[in-house]
Amino acid sequence: MIEIKFKNQNEIDSYNKYKELKGVEYHQYIAKYLNTDEYAKIAAVIQYDLRLKYILYRYICFFEEYIRAVLMNCDVRDVEFFLKENVNMSEAQNLYYKHLNKIQSVYNDRPAISRNEFDGIRELRNQISHFKPIILDNISENQVNINFLYKNLTKNYQANFKNEINMCGNEIDLVDQVKIKFNK
C-alpha cells in the first residue's frame, strides 16, 4: 500500500471527504496509476474525473432526450410510451435503427447516427453510471466516444459541450496523461 503524503490539514480533510465517496482502495488505485504518493495529484485526478462525469452525464441525457424526440416526431412511439415504459438507451437505439428510413425522411438535414457511434455513446454512459473512471486506462477509447457524443449532439449544444470539456480541470494541476480535450 502506498502511504499517501499530505501537505496540510485541508488535504487531510479533503481525503477524509473523498474516501467516503470513492473509497481508500480507489485512492490507492489512482496513486499507483500516477506513480505518486502526493495527495494533491491523486485528489486532482479524482475531482477532475468526477467533474468530467457530471458534464458528460448531462450531455448524454440531452442526447437521449433528442433520440426520444426523434422517435416521437417520426411517429415511431408516442410520449405515453416513453413516460410509462422504462425505455433504456439500448431499446431506444433498437427503435432508431428499426425505423431509420422513416427517421431519415423526416430528419433529412442530419446524417444518421452510425451504430459504432451510438454504441460508443452508450458505452460512455455505462462507464459513467458504473463507477468506471473516464480518464485512466481507457482514456483513448473514451476520448473517441466523447467525440461521438459531440458529433451527435444537436448544434445548439455542441459549442457549450466542447467548451465545458476543455475548461473542466483548468483550475487544478493535472498531468497531461489524464486530460480530455477538444482541439480548438
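As the structure is a prediction and not an experimental result, all values here were calculated from the model.

(A) Local environment of the overall build of the chain. Each helix and strand counted, the chain has nine helices and zero strands in total. Traced from its N-terminal end to its C-terminal end, the chain shows the element sequence α-α-α-α-α-α-α-α-α. Taken along the three principal axes of its C-alpha coordinates, the chain extends 60 × 35 × 25 Å. The buried share of the chain, taken over its 184 residues, is 45%.

(B) Geometry of the environment of Leu-34. Within the element layout of this structure, Leu-34 appears in helix α2 (residues 24-34). Along the primary structure Leu-34 and Leu-136 are separated by 102 residues, whereas in three dimensions their C-alpha atoms are 9.3 Å apart.

(C) How the structure looks around helix α3 (residues 39-73). Here α3 spans 50 Å end to end across 35 residues, near enough to the 51 Å set by a 1.5 Å rise per residue. Backbone geometry just after α3 places Asp-75 at a positive phi near 55 degrees.

(D) Highlighting the state of the cysteines. Following the criterion strictly, the structure yields zero disulfides and no others. Between Cys-61, a cysteine without a disulfide, and Cys-168, which holds the nearest cysteine sulfur, the sulfur-to-sulfur distance is 17 Å.

(E) Fine view of the layout of surface pockets. Empty space within the largest pocket amounts to approximately 160 Å³. Considering the residues around the largest pocket, the lining is formed by Tyr-57, Cys-61, Glu-64, Arg-68, Val-87, Asn-88, Met-89, Ser-90, Arg-122, Arg-125 and Asn-126. Listed by contribution, the elements that provide at least two residues to the lining of the largest pocket are α3, α5 (89-98) and α7 (115-129). If you tally residues by element for the lining of the largest pocket, the top one is α3, at four residues.

(F) Examining the nonpolar core more closely. Judged by nonpolar contacts, the single largest core of 58 residues is most densely connected at Leu-52, Leu-56, Phe-63, Ile-67, Ile-135, Leu-149 and Phe-161. Of all elements in the fold, only α1 (9-22), α2, α3, α5, α6 (100-106), α7, α8 (139-152) and α9 (155-167) reach the threshold of two or more residues within this core. For this core, the leading source of residues is α3, giving 18 residues. Contacts of Ile-67, omitting those with residues within four sequence positions, involve Ala-92, Tyr-96, Ile-113 and Phe-118.

(G) Geometry of the pattern of salt bridges. Following the criterion strictly, the structure yields nine salt bridges and no others. Among the ionic pairs, Lys-5 bridges to Asp-37, the shortest N-O distance being 3.4 Å. Here the residue Lys-5 occupies a position in the segment before α1, and Asp-37 occupies one in the loop between α2 and α3, the gap between them amounting to 32 residues. Lys-84 is the salt-bridge partner of Glu-80, the closest N and O atoms lying 3.3 Å from each other. Taken together, the residues span about one helical turn, with Glu-80 and Lys-84 both in helix α4 (residues 79-84) at a distance of four residues. For Glu-80, a relative accessible area of 39% puts it in the partly exposed group. Of the residues examined, Lys-84 reaches a relative accessible area of 66% and is grouped as exposed.

(H) Quick look at α8. Look at α8: 20 Å from first C-alpha to last across 14 residues, which is about the 20 Å you get at 1.5 Å a residue. Of all the residues in α8, the buried ones are Ile-139, Asn-142, Gln-143, Asn-145, Ile-146, Phe-148, Leu-149 and Asn-152. Against α3, α7 and α9 lie the buried residues of α8.

Reading the values: the criteria
Residues numbered from 1 in each chain as written. Predicted model: local features only at pLDDT ≥ 70, side-chain atom pairs only at ≥ 80, totals over all residues. Heavy atoms only, no water. Helix = DSSP H or I, 4+ residues; strand = E, 2+ residues; numbered from the N terminus. Buried < 20%, exposed > 50% of the residue type's maximum accessible area, 1.4 Å probe, protein only. Expected span 1.5 Å × (residues − 1). Disulfide = S-S within 2.5 Å. 1 Å grid on protein atoms, 1.4 Å probe; cavity = no way out; pocket = protein on both sides within 12 Å on 5 of 7 lines; lining within 4 Å. Points joined across faces, edges and corners; volume = space filled by probe spheres on them. Core = buried A, V, L, I, M, F, W, Y, C linked by side-chain atoms within 4.5 Å. Contact = heavy atoms within 4.5 Å. Salt bridge = Lys/Arg side-chain N within 4 Å of Asp/Glu carboxyl O.

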